[in-house]
Amino acid sequence: FRNIWNGDILNIRITVFSFDILSSLVFSFGLFFFNKKKYNLNNIHFLVLFFLTYIGFNLSTPPLYGVYSYVTFNRQLILISFGFLLYALQTDNNYLKNTLVLVSGILIGSLFFIMITNVPIFLLIILFIFYYERKMNRIYVFCMGLILSSISYFLFVETFSIFVNHFVELFTQPTSGTIPA
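Everything quoted here is computed from the prediction, not taken from an experiment.

Draft legend 1. Structural view of the overall build of the chain. Scanning the chain from N- to C-terminus turns up 8 helices and 0 strands. Along its sequence from the N terminus, the chain presents helices and strands in the succession α-α-α-α-α-α-α-α. Sequence separation of 24 or more characterises 66% of the internal contacts of the chain that already satisfy a separation of 6 or more. Of the accessible surface of the chain, which amounts to about 11600 Å², a share of 72% is contributed by carbon and sulfur atoms.

See below:
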């Protein structure tokens, strides 16, 4: 990203702000059509839903526009993933449904490598949605996305053995905040 931003803080802030708006748009789009089909709510306006999503999500997790950190990236991937998932649950097109569920699985799978602490909660929510909708065959497509995300991480970022070594070092080496004996 250094070639894109050239160290300019304004470009970084515009990029983070743009991805924040894009992720809120994708989530609002999915939520709008899910509510419209599932609960027959025709009186909700899309822009109202978008602004409520954007404001509400920024109130719960304040945007960090000064830097592009793992928190903002994590937040944006969650919104996009759930937006795709909600749209997939309401559409009748089987190919589009499987594609959106697969992409949602890839995005949620990448959260494991970005911020592992929230992945179990999101996986439980997604499994509940699939169970609630009685579309258990979509779990296989979602799990394929999780596996594809892991494979691409180990192919392009770091090898599996290096990942395991770093993971083991995390638990075997003392932290810097310990008091020497």
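What follows continues from the structure just given.
Draft legend 2. Molecular detail of the side chain of Thr91. With respect to the helices and strands, the residue Thr91 is situated in the loop between α4 (70-90) and α5 (94-114). At 3.4 Å, the side chain of Thr91 forms a polar contact with the backbone nitrogen of Asn93.

Draft legend 3. Molecular detail of the pattern of salt bridges. Under the counting rule described, the total for this entry stands at 2 salt bridges. The partner of Arg75 in a salt bridge is Asp20, with the nearest N and O atoms 2.7 Å apart. One end of the pair, Arg75, is in helix α4; the other, Asp20, is in helix α2 (residues 9-38), and 55 residues separate them in sequence. Between Asp92 and Lys37 there is a salt bridge, and its shortest N-O distance comes to 2.6 Å. Here Lys37 lies in helix α2 and Asp92 lies in the loop between α4 and α5, a separation of 55 residues in the sequence. Overall, the relative accessible area of 68% leaves Asp92 in the exposed class. Among the residues examined, Lys37 registers a relative accessible area of 43% and is labelled partly exposed.

Draft legend 4. View of the packing of α4 against α5. For the pair α4 and α5, interaxial distance at closest approach is 8 Å and the crossing angle is 160°. When the axis of α4 is compared with that of α5, the two are roughly antiparallel. Considering the relative orientation of α4 and α5, their crossing is left-handed. Taken together, the residues of α5 that come into contact with α4 (itself represented by Tyr70, Phe73, Asn74, Leu77, Ile78, Ile80, Ser81, Phe84, Leu85, Tyr87, Ala88 and Leu89) are Leu96, Lys97, Leu100, Val101, Val103, Ser104, Leu107, Ile108, Ser110, Leu111 and Ile114. Residues belonging to the contact of α4 with α5 are distributed by class as follows: 18 nonpolar, 4 polar and 1 charged.

Draft legend 5. How the structure looks around the packing of aromatic side chains. Enumeration according to the criterion identifies 19 aromatic pairs in this entry. Centre to centre, the rings of Phe32 and Phe46 are 5.8 Å apart; their planes meet at 80°, and the pair counts as edge-to-face. Of the two residues, Phe32 is situated in helix α2 and Phe46 in helix α3 (residues 46-60); the sequence distance between them amounts to 14 residues. Relative accessible area serves as the criterion here: at 14%, Phe32 is assigned to the buried category. With a relative accessible area of 23%, Phe46 lands in the partly exposed category. Ring geometry for Tyr153 and Phe154: centres 5.5 Å apart, planes at 75°, overall edge-to-face.

Reading the values: the criteria
Residues numbered from 1 in each chain as written. Predicted model: local features only at pLDDT ≥ 70, side-chain atom pairs only at ≥ 80, totals over all residues. Heavy atoms only, no water. Helix = DSSP H or I, 4+ residues; strand = E, 2+ residues; numbered from the N terminus. Contact = heavy atoms within 4.5 Å. Areas by Shrake-Rupley, 256 points an atom, 1.4 Å probe, with all protein chains shown as cover. Polar contact = N/O pair within 3.5 Å; in protein donor to acceptor, adjacent residues only side chain to side chain. Salt bridge = Lys/Arg side-chain N within 4 Å of Asp/Glu carboxyl O. Buried < 20%, exposed > 50% of the residue type's maximum accessible area, 1.4 Å probe, protein only. Axes fitted to C-alpha atoms, helices over the stretch in contact; angles between N-to-C directions. Parallel < 35°, antiparallel > 145°, perpendicular 65-115°, else oblique. Left-handed = near helix turned anticlockwise from the far one by under 90°. Nonpolar A, V, L, I, M, F, W, Y, C, P; charged D, E, K, R; others polar. Phe/Tyr/Trp six-rings, centres within 6.5 Å; stacked < 30°, edge-to-face > 60°.

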